[in-house]
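# Notes for the structure review
Chain by chain, the residues run as shown.
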Amino acid sequence: MSVALPSAEATRRPRLRVDPFVLLAAPGLLYLAILFALPLAILLFRSFQASDGTFSIAGYIAFFSDPHNLSVTWRTLKVAILSTLLCLVLAYPTAFALARARGIVQSLILVAMVLPLSVGVIVKAFSWSIVLRSDGIVNQTLLALGLVEAPVRLLFTETALVIGSANVFLPFMVLPIYAVVRQIDPELSPAAASLGAGPFFRFFQVVLPLTLPGVIAGVAFVFSLAISMYVIPSLLVGERLSTMSMLIARSFLFFRDAQLGSTISAILLLMAVIVVLGSSYLVRHVSGGRA
Amino acid sequence: MLQQTIGGVAAQQTVAPSAPYLSVEKIAKAYRETRVVEDLDFAVERGELVSLLGPSGCGKTTLLRLISGLVSADAGRVVVGGRDITRLPAHKRNVSVVFQNYALFPHLNVRENVGFGLKARGRAKAGIHDAVTEALQLVRMEAFADRPVSALSGGQQQRVAVARALVVEPDLLLLDEPFSALDRKLRETMQVELKSLLRAKGMTAIFVTHDQEEALAVSSRIAVMNAGRIEQYADPVTLYTRPATGFVLDFVGLSTRIAGTVSKSESGFIEVDTAYGVVRVPGRFRPGSKVLLGVRPERIRPVSPDAAPADSEVRITSMLADVMCLGSKTHLYGEAAEDDRLVSEVSGAQAAESLLPGESVAFEWPREATLVYPLGAA
């Protein structure tokens, strides 16, 4: 055991001291506390407040007893899950291409990912409605190829919503996965191959577990963005297929029902928080503190 | 186990009596326009430890990857134990690789890393556990079985990488600069340890390295590579005393090197015009050819410029440029023309005290100790 002496790690003791670098987060945290946490707390408080100011859960009862609200909640959830999945399928290979590409190619892929973010959602939504119209390029192509006999209804459907939102949120899936992939030692896959692991074994035993933290982060990002989107559904599907955000807006602006609006906000927030906390728990769990 | 090995060898010999265990034949690999390895032949006997030695970019790592199947050959064959594996993907070759940075799986602990190859081969859990424990004992890492690999030191990581590569009982073990990430002291310990471990297992192994001391320490034969070709493949003594090319002369060990032009050639001797006058050495080159003269430093003695030269000796005169005392020996460097080197090695440290840079000095060596290579052709 000449070389295998106890490492410094064994003698190191954890110290109870505040790392001065933590203080660097103070301005950002203070900003968020005043402009995000405080209003949110007020909103939550108001969801339990009747119009006369007394405590009441009437808002929650009213929300869940209306089948329309339940179908909106279900649709919101479904669209968020589907667009998260669509993003994941598109983003996973892209992240690898981005990590392995060099020089100009890498820059081009990165720009292609980030540049669309600079185009406002409204501009995008209107351009999709041009493409997805019954006489738009998608339908014309489908008709020309003989795949359909009559134009397919694309606008004002959940499909349009999933396609549109995945389009906007794709970078938020690609970038966290890319950040993880670029950290992976490129020799790991060859090492696994030389140990007798075929392509599937390599993917499921090496590549996937190592990229999982990025996947989970991306899913948390995209899901929480997709579940609370407002502009995209307003422009693409309108009032016909509402989402929870639209319901919230309508409660506040149209019905002037602050309690209902606050209630729906609280429910929406809870769904997003569950996914975000759940995914950060998963990150710690799957990486086992080793990654 | 012993009987099995003997039986294996016997069976081998009935198939191909004189075929080496690993045989690389006319292999070639190019990336775009760059030919990294060209028409290369290379062979290793069963149980032999050999090194591929060369500067970076000489193609040694590519050759290693061609043998392991991590890159595919453009032409040629790779045969291990009579089995042509040229067209097999890496995971079907049963050739293990120890990587320069060890490439341990960061999401797995020590035991899971070592067991990876067995799991990939679909072995039963109990069998894997026992084999892994045995492999960890072999590299004396059994106490670390449940540690994450990130908690290990460099030397410990290397042991895990070696255990992981050996536990699958490969036909061939390839090691890509396995010691380069370790500090000098630990490197020497690990070299000795690994060599005796591989010997004990009867493993056939190829080390890739750019460090000649490492090659000399771990292998019985060394293939010196340059520009995609093997310049010389021989045991360490032959490489040092009879380097086949000027490149090997320079790359392996220290040498005096003097460029010159042949002015006269007769009866096995040539006279060479050098920056230090005409020298007469054994050799057969046409007058007018550019040649490189090489002499190992321990064959050269520094002598007083006034003493009469013996006829059996070559003598050149220069100024002493530098005196380097290395403890048990001292290197004396003479002022040399560009691309030349004049160096003499004397034993002991006393020379460093009696000689001063700037003094006039004569270097003398036996004529037959001169190595002559064509220059400029390569």
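Residues numbered from 1 in each chain as written. Chains lettered and ligands numbered in written order. Predicted model: local features only at pLDDT ≥ 70, side-chain atom pairs only at ≥ 80, totals over all residues. Heavy atoms only, no water.

## Overview of the overall build of chain B
- The number of helices and strands found in chain B is 10 helices and 20 strands.
- With the C-alpha coordinates of chain B rotated into their principal frame, the extents come out at 80 × 45 × 45 Å.
- Out of the 378 residues in chain B, the part that is buried amounts to 48%.
- Entry remark: accessible area of chain B is about 17,400 Å², with carbon and sulfur atoms responsible for 52%.
- Here chain B holds 43 positive side-chain charges and 44 negative ones, and the gap between their average locations is 8 Å. (Helix = DSSP H or I, 4+ residues; strand = E, 2+ residues; numbered from the N terminus. Buried < 20%, exposed > 50% of the residue type's maximum accessible area, 1.4 Å probe, protein only. Areas by Shrake-Rupley, 256 points an atom, 1.4 Å probe, with all protein chains shown as cover. Lys, Arg positive; Asp, Glu negative; His and termini not counted. Charge placed at Lys NZ, Arg CZ, Asp CG, Glu CD.)

## Looking at the overall build of chain A
- Broken down by element type, chain A carries 13 helices and zero strands.
- Of the regular secondary structure in chain A, the N- to C-terminal order runs α-α-α-α-α-α-α-α-α-α-α-α-α.
- Taking 2.2 N^0.38 as the reference for a compact globule, 291 residues should give roughly 19 Å; the C-alpha atoms of chain A span a radius of gyration of 24 Å, well beyond that estimate.
- Seen through its C-alpha atoms, chain A measures out along the principal axes to roughly 80 × 60 × 30 Å. (Rg over C-alpha atoms; globule rule 2.2 N^0.38 Å.)

## A look at the domain arrangement of chain A
Residue and element names in this part refer to chain A.
- As far as domains go, chain A holds domain 1 (20–56) and domain 2 (67–100 + 158–287).
- Inter-centroid distance (C-alpha atoms) of domain 1 to domain 2 is 25 Å.
- At the interface, nine residues of domain 1 touch eight residues of domain 2.
- Counting each side, the surface lost to burial between domain 1 and domain 2 is near 620 Å², with a carbon and sulfur contribution of 65%.
- When the buried area of domain 1 at its contact with domain 2 is split by residue, L43, R46 and S47 rank highest and sum to 61% of it.
- Viewed at the interface, domain 2 and domain 1 are joined by zero salt bridges.
- When its residues are assigned to classes, the side of domain 1 that touches domain 2 shows five nonpolar, three polar and one charged. (Domains from an automatic or database assignment. Contact = heavy atoms within 4.5 Å. Buried area = accessible area lost by both parts, 1.4 Å probe. Salt bridge = Lys/Arg side-chain N within 4 Å of Asp/Glu carboxyl O. Nonpolar A, V, L, I, M, F, W, Y, C, P; charged D, E, K, R; others polar.)

## Quick look at the sheet that holds strand β1 (residues 22–31) of chain B
- Spatially, β2-β1-β4-β5 (chain B) is the arrangement adopted by the four strands of the open sheet, whose pairing is antiparallel. In the strand order of this sheet, the two ends are held by β2 (34–44) and β5 (83–84) of chain B, each with one partner. (Pairing = 2+ DSSP bridges.)

## Describing the domain arrangement of chain B
Residues and elements named next belong to chain B.
- Examined at the domain level, chain B breaks down into domain 1 (20–246) and domain 2 (254–374).
- Look at where the C-alpha atoms of domain 1 and domain 2 centre, and you get two points 39 Å apart.
- Residue-level contacts link seven residues of domain 1 with seven residues of domain 2.
- Surface buried jointly by domain 1 and domain 2 totals about 520 Å² across both partners, of which 52% is contributed by carbon and sulfur atoms.
- The largest per-residue losses of area from domain 1 upon contact with domain 2 belong to Y240, P243 and G246, which jointly make up 80% of the total buried on that side.

## What about the confidence of the model for chain B?
Residues and elements named next belong to chain B.
- With 95% of its residues at a pLDDT of 70 or more, chain B shows a mean pLDDT of 89.
- Summarising per-element confidence for chain B, the mean pLDDT is lowest in helix α1 (residues 2–15) (42) and highest in strand β6 (residues 95–98) (96).
- This stretch, residues 1–16, has a pLDDT under 50; its non-local contacts, to residues over four places away or in other chains, come to four contacts. (pLDDT = per-residue confidence, 0-100.)

## Thoughts on the nonpolar core
Residues and elements named next belong to chain A.
- Grouped together as the largest cluster of nonpolar side chains are 50 residues, with contacts concentrated most on F169, I232 and M244.
- Broken down by element, the residue count for this core peaks at 12 residues, all from helix α8 (residues 158–181).
- Here F169 is in contact with C87, V222, L225, A226, M229 and I232, once residues within four sequence places are set aside. (Core = buried A, V, L, I, M, F, W, Y, C linked by side-chain atoms within 4.5 Å.)

## Examining the pattern of salt bridges
Residues and elements named next belong to chain B.
- Inspection of every chain in the model, using the stated rule, returns 21 salt bridges over all chains.
- A salt bridge links E213 to R184; the nearest nitrogen and oxygen atoms lie 3.5 Å apart. Highlighted residues: E213 in helix α7 (residues 212–218) and R184 in helix α6 (residues 184–201), separated in sequence by 29 residues.
- Residue E364 is joined to R315 by a salt bridge in which the shortest nitrogen-to-oxygen separation is 2.9 Å. Placement of E364 in strand β19 (residues 360–366) and of R315 in strand β16 (residues 313–325) is noted, with a sequence separation of 49 residues between them. Both residues of the pair, E364 and R315, belong to the buried class.
- One network of salt bridges, with partners in common, ties together R301, E313, R315 and E364.

## Regarding the interface of chain B and chain A
- Taken together, the contact pairs 36 residues of chain B with 26 residues of chain A.
- Both faces combined, the contact of chain B with chain A buries some 2,500 Å², and carbon together with sulfur accounts for 62% of it.
- Looking only at chain B, the three residues that lose the most surface to chain A are H91, H107 and F116 of chain B, adding up to 25% of its buried area.
- At the surface where chain B touches chain A, the tally comes to one salt bridge.
- The closest approach of N and O atoms between R65 of chain B and E187 of chain A, which form a salt bridge, is 2.7 Å.
- Of all elements in the fold, only β6, α3 (110–120), α5 (154–166) and α6 of chain B reach the threshold of two or more residues within the side of chain B that touches chain A.
- Ranked by residue count, the leading element in the side of chain B that touches chain A is α3 of chain B, at five residues.

## Description of the side chain of S251 of chain A
Residue and element names in this part refer to chain A.
- Examined against the element boundaries, S251 turns out to sit in helix α12 (residues 244–254).
- With relative accessibility at 2%, the residue S251 sits in the buried group.
- Residues contacting S251, with those up to four places away along its chain left out, are R256, D257, L260, G261 and I264.

## A word on helix α3 (residues 58–65) of chain A
Residue and element names in this part refer to chain A.
- Listed as buried for α3 are G59, Y60 and F63. The buried side chains of α3 occupy one side of the element, clustering within an arc of 95° when seen end-on. In α3, the exposed positions that point more than 90 degrees away from the buried face belong to I61 and S65. (Arc of directions from axis to C-beta.)

## A look at unusual backbone geometry
All names here are of chain B.
- Its identity as a non-glycine residue notwithstanding, R140 has a phi of 55°, on the positive side.
- Along the chain, the position of R140 falls in the loop between α4 (125–138) and α5.
- Positioned with a positive phi, A227 is a non-glycine residue whose angle comes to about 50°.
- Within the element layout of this structure, A227 appears in the loop between β9 (221–226) and β10 (229–234).

## So, the side chain of R257 of chain B
Residues and elements named next belong to chain B.
- Note on placement: R257 falls in strand β11 (residues 256–266).
- Side-chain polar atoms of R257 contact the backbone oxygen of D339, separated by 3.1 Å.
- Apart from the residues lying within four places of it in its own chain, the contact partners of R257 are D250, L292, L293, D339, D340 and R341. (Polar contact = N/O pair within 3.5 Å; in protein donor to acceptor, adjacent residues only side chain to side chain.)

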